[in-house]
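# A closer look at the structure
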2 protein chains.
Amino acid sequence: MPYSYALGMAPVVELIGRCPGLVLAVYAHPGYRAESGADIFEMCEARGLKCETNQKIFNIAANKENIYVLGVFQKAGGCLSPARPHAVFVNPADAGNLGANVRTCLGFGIRDIAIIKPGADIYSPKAVRASMGAIFHANASGFASYQEYAEAYPGYERFYFMLNGEAEIGSIAGVRGDTFALVFGNEATGLPDEFRGYGGRSVRIAHGGEIDSLNLTVAVGVAAHAFYKLRR
Amino acid sequence: MPYSYALGMAPVVELIGRCPGLVLAVYAHPGYRAESGADIFEMCEARGLKCETNQKIFNIAANKENIYVLGVFQKAGGCLSPARPHAVFVNPADAGNLGANVRTCLGFGIRDIAIIKPGADIYSPKAVRASMGAIFHANASGFASYQEYAEAYPGYERFYFMLNGEAEIGSIAGVRGDTFALVFGNEATGLPDEFRGYGGRSVRIAHGGEIDSLNLTVAVGVAAHAFYKLRR
């Protein structure tokens, strides 16, 4: 579907504030009560958007959740910046994890996000919610394969996060500039070994032997934080 | 309840391997098929435990999930080590987050976990699964209040992770020894300001202004990783 839903006040506020051009409709549930200083009707009016009261749409889009504000938006097919850092998610399985990871990347200065398909939909309601609306600050684009992505941004310095990566993350002393990409695999399988042949460095995050791997959300957090510090 | 369930092969393998003394029963679903080299019946037998085939228990404990192996275990009320690092979770709301955070701590060398009540049950099936069984390598203990915890381990060097902590995590140059504690608040509210008066340092993890906070799982990951590096 070319459109999706932002469910709940926080994601809708991000949607109308950051991407008003993508808004198709905003709805309030009949049970909606404005909090002081945050009335969705006023906020929409201030941006020339209309907010309607409607019950039916909540039954359809919000299932049985306690949601009182809902935004319908057009999925944006953005182009990644050729001058800023990228995060690349290869075949992400879970939309909630993807949304949380986009939020983390954004927090650590990476707003350009490539999704290698097949993978979760970054604009699904679950991803939007897990990102707490951060997806509307990001700039995301899907690619049919990693090769397609890599060919589109050939000059990028690439870091592949793998369990048995050659460089420990603490040994990376710097990046050449802002044109680098952090590449992460699927939650269950990680990045396949063949990525070692794709040009770039394989990186591991050292941890103790009590666990066999970090979960992806933590790996993205540690990695994005480390590169954020390298750039400051 | 004094007992809980480990659902699925991986958590059950951790349970019987790490904490055989806590095992009350192990069950296989009638539809269970052994993978080569990982037969739950053989693994139980090798440890002097009995594994029974039973369908009914799966209907009760595993709901509608596709689970074929199940362990019933006694919840352990451990004592924290007075000589190793601690992670302290104050009023954690979600058992899945708690399990994932315990896994992260364990991966970065912290196996002693304090839970300040009220809070999620670290031995709930959801926490056990999210930890992928790592909870059975950990040593967890509940406390009625933060004061109770702090009085039990008075010599500990304490680090309170707060949005507006005084020290940026990168500025922490070392720890005095292994007797330190990383203290984390609830997912939604973080640590209340009053923790500043409890003796210790408040720490923040710097991030960009595009988001108002990191999610707790990421904060725990970045924090535990930073202290893991300090100790190596």
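Our structure's up above, just so we're on the same page.
None of the values given here were measured: they were computed from a predicted structure.

### Section: the pattern of salt bridges
Residues and elements named next belong to chain A. A complete count under the given rule lists 16 salt bridges over all chains for this structure. Note that D112 is salt-bridged to R84, the shortest N-O span being 2.8 Å. Of the two residues, D112 is situated in strand β6 (residues 112-116) and R84 in the loop between β4 (69-74) and β5 (86-90); the sequence distance between them amounts to 28 residues. By relative accessible area, R84 is classed as partly exposed at 34%. Across the pair D178 and R231 runs a salt bridge, and its minimum N-O distance is 3.1 Å. Of this pair, D178 sits in the loop between β9 (167-168) and β10 (180-184) while R231 sits in helix α7 (residues 216-231), and the two are 53 residues apart along the sequence. R231 gets classed as partly exposed once you look at its relative accessible area, which sits at 32%.

### Concerning empty space enclosed by the protein
Summed over all chains, the structure comprises one cavity of 30 Å³ or more. Taken as a whole, the largest cavity holds about 70 Å³ of empty space. At the level of secondary structure, the elements contributing two or more residues to the lining of the largest cavity comprise α7 of chain A together with α7 (216-231) of chain B. A per-class count over the lining of the largest cavity returns four nonpolar, two polar and two charged.

### Quick look at the layout of surface pockets
To find leftover empty space, one rolls a probe the size of a water molecule over the atoms. Its volume calculated, the largest pocket comes out at about 1,400 Å³. Lining the largest pocket are 47 residues, with N97, E187, N215, L216 and T217 of chain B positioned closest to its centre. Within the residue set of the lining of the largest pocket, elements represented by two or more residues are α4 (95-107), α5 (125-130) and α7 of chain A together with α4 (95-107), α5 (125-130), β11 (201-204) and α7 of chain B. Of all the elements, α4 of chain A adds the most residues to the lining of the largest pocket, at four residues. For the lining of the largest pocket, the class distribution of residues is 21 nonpolar, 16 polar and ten charged. Elements that contribute at least two residues to the lining of the second largest pocket include exactly β11 (201-204) and α7 of chain A. Residues belonging to the lining of the second largest pocket are distributed by class as follows: eleven nonpolar, eight polar and two charged.

### A few points about the environment of E210 of chain A
Examined against the element boundaries, E210 of chain A turns out to sit in the loop between β11 and α7. Not counting chain neighbours up to four residues away, the residues in contact with E210 of chain A comprise R18, L106, R111 and H137 of chain B.

The rules behind these values
Residues numbered from 1 in each chain as written. Chains lettered and ligands numbered in written order. Predicted model: local features only at pLDDT ≥ 70, side-chain atom pairs only at ≥ 80, totals over all residues. Heavy atoms only, no water. Salt bridge = Lys/Arg side-chain N within 4 Å of Asp/Glu carboxyl O. Helix = DSSP H or I, 4+ residues; strand = E, 2+ residues; numbered from the N terminus. Buried < 20%, exposed > 50% of the residue type's maximum accessible area, 1.4 Å probe, protein only. 1 Å grid on protein atoms, 1.4 Å probe; cavity = no way out; pocket = protein on both sides within 12 Å on 5 of 7 lines; lining within 4 Å. Points joined across faces, edges and corners; volume = space filled by probe spheres on them. Nonpolar A, V, L, I, M, F, W, Y, C, P; charged D, E, K, R; others polar. Contact = heavy atoms within 4.5 Å.

Any functional reading would require information that these geometric values do not contain.
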